[in-house]
Structures are given as structure tokens and as C-alpha cells.
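# Structural overview for review
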Amino acid sequence: MPTAITIYHNPQCGTSRNVLALIRNTGVEPEVVKYLETPPTAATLKALIAQMGVPVREVIRQKEAIYQALGLDDPALSDEALIAAMAAHPILINRPIVVTPLGTRLCRPSEAVLDILPLPQRGAFAKEDGEQVTNERGERVAGR
């Protein structure tokens, strides 16, 4: 029976690429949502954030120029206003967000995805920068 996993992915992001590779290292091909091309609706974003159980501001990319340009650093802004901004400007969505049967998580750092993957790693995995995440038995390397 296939395991349903969805990743909100930005192929330009190294962390997102590493998370996608970790998912694939379990033998599962996830549903890949390239959210810059197919942005989630405000309702979907609200649901994902609720599933993660994190503050809305944790899911918004504050480093993007548009964050400052839109005045999103204003602490008086409501969660709804922030979610609307992310829906209108998906570059503001922090990534990658992964949904599995075990939970929904913003996977930063990339090895955070290991906590919600229903299947084990099939072997060794190293990030693009060479940092080892799992050994040849698919077990986390110390400190990961």
C-alpha cells in the first residue's frame, strides 16, 4: 500500500532538495507541489499551519525583500493578514513543508523530516554539501 506523502517544494532551495531526496530514500515517491508555480490557497496554508502547531510567523520567510516591502514585520498584523500575504506571494512561504501520515512539519533543518517519515531510510544519505545524515543501515548519524 503506498504511503501518502506531500512535499511543498522549491527546487531552487538546497534544504528542499535534501528533504525530497530523504523522502525518496525510503522508497516512496511523494506528491511534489512546486508551490511557487501552484501556490496553496489561504485556506490550505491555514490548515497546514494548524497541523504543524506553530505560529504563523514561523512559516513566513522574513529574508525575502517583499516581506519588508509589504510591512509584514508589523507585530499588529493578524495571522489572517500574514496568511493572505503568503497566498498572494508564495515566495514568502518557508520551505519545505512535508505532510505524512505521521504529521506535518516545516523541515528545517532537512533531517527534521526523518521524524515524520513512516518508512525507514533504505541506506546511507548525505546532504548536497556532503554532511552525512544516515549510515549504510539507514540509521541517523550521531547528532542528526
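For the structure, see preceding data.
Because the structure is a prediction, the values reported are computed rather than measured. (Residues numbered from 1 in each chain as written. Predicted model: local features only at pLDDT ≥ 70, side-chain atom pairs only at ≥ 80, totals over all residues. Heavy atoms only, no water.)

## Details of the overall build of the chain
- Broken down by element type, the chain carries four helices and six strands.
- Ordered by position from the N terminus, the helices and strands of the chain form the series β-α-β-α-α-α-β-β-β-β.
- For the chain, the C-alpha radius of gyration of 16 Å lies close to 15 Å, the compact-globule estimate for 144 residues.
- Counting every position in the chain, which comprises 144 residues, the buried fraction comes to 44%.
- Here the contacts in the chain between residues at least 6 apart in sequence split such that 57% fall between residues at least 24 apart.
- Side chains of the chain give 15 positive and 16 negative charges; the mean places of these two sets differ by 3 Å. (Helix = DSSP H or I, 4+ residues; strand = E, 2+ residues; numbered from the N terminus. Rg over C-alpha atoms; globule rule 2.2 N^0.38 Å. Buried < 20%, exposed > 50% of the residue type's maximum accessible area, 1.4 Å probe, protein only. Contact = heavy atoms within 4.5 Å. Lys, Arg positive; Asp, Glu negative; His and termini not counted. Charge placed at Lys NZ, Arg CZ, Asp CG, Glu CD.)

## Quick notes on the side chain of Asn25
- With respect to the helices, strands and loops of the structure, Asn25 is situated in the loop between α1 (14-24) and β2 (31-34).
- On the basis of relative accessibility, which here comes to 16%, the residue Asn25 falls in the buried class.
- Aside from chain neighbours lying at most four places away, what touches Asn25 is Pro120, Gln121, Arg122, Gly123, Ala124, Phe125 and Thr134.

## Remarks on the sheet that holds strand β3 (residues 97-100)
- Within the open sheet, the four strands sit side by side as β2-β1-β3-β4. Their pairing is mixed. Edge positions in the sheet fall to β2 and β4 (103-106), since each of these pairs with one other strand and no more. This sheet shows a mean twist of 15° between the axes of neighbouring strands, independent of strand direction.
- On top of the sheet, α1 reaches β1 (6-9), β2 and β3; it is set at about 160° to β1, its chief contact.
- Strands in contact with helix α2 (residues 42-52) are β1, β3 and β4; relative to β4, the strand with the most contacts, it is inclined by about 100°. (Pairing = 2+ DSSP bridges. Axes fitted to C-alpha atoms, helices over the stretch in contact; angles between N-to-C directions.)

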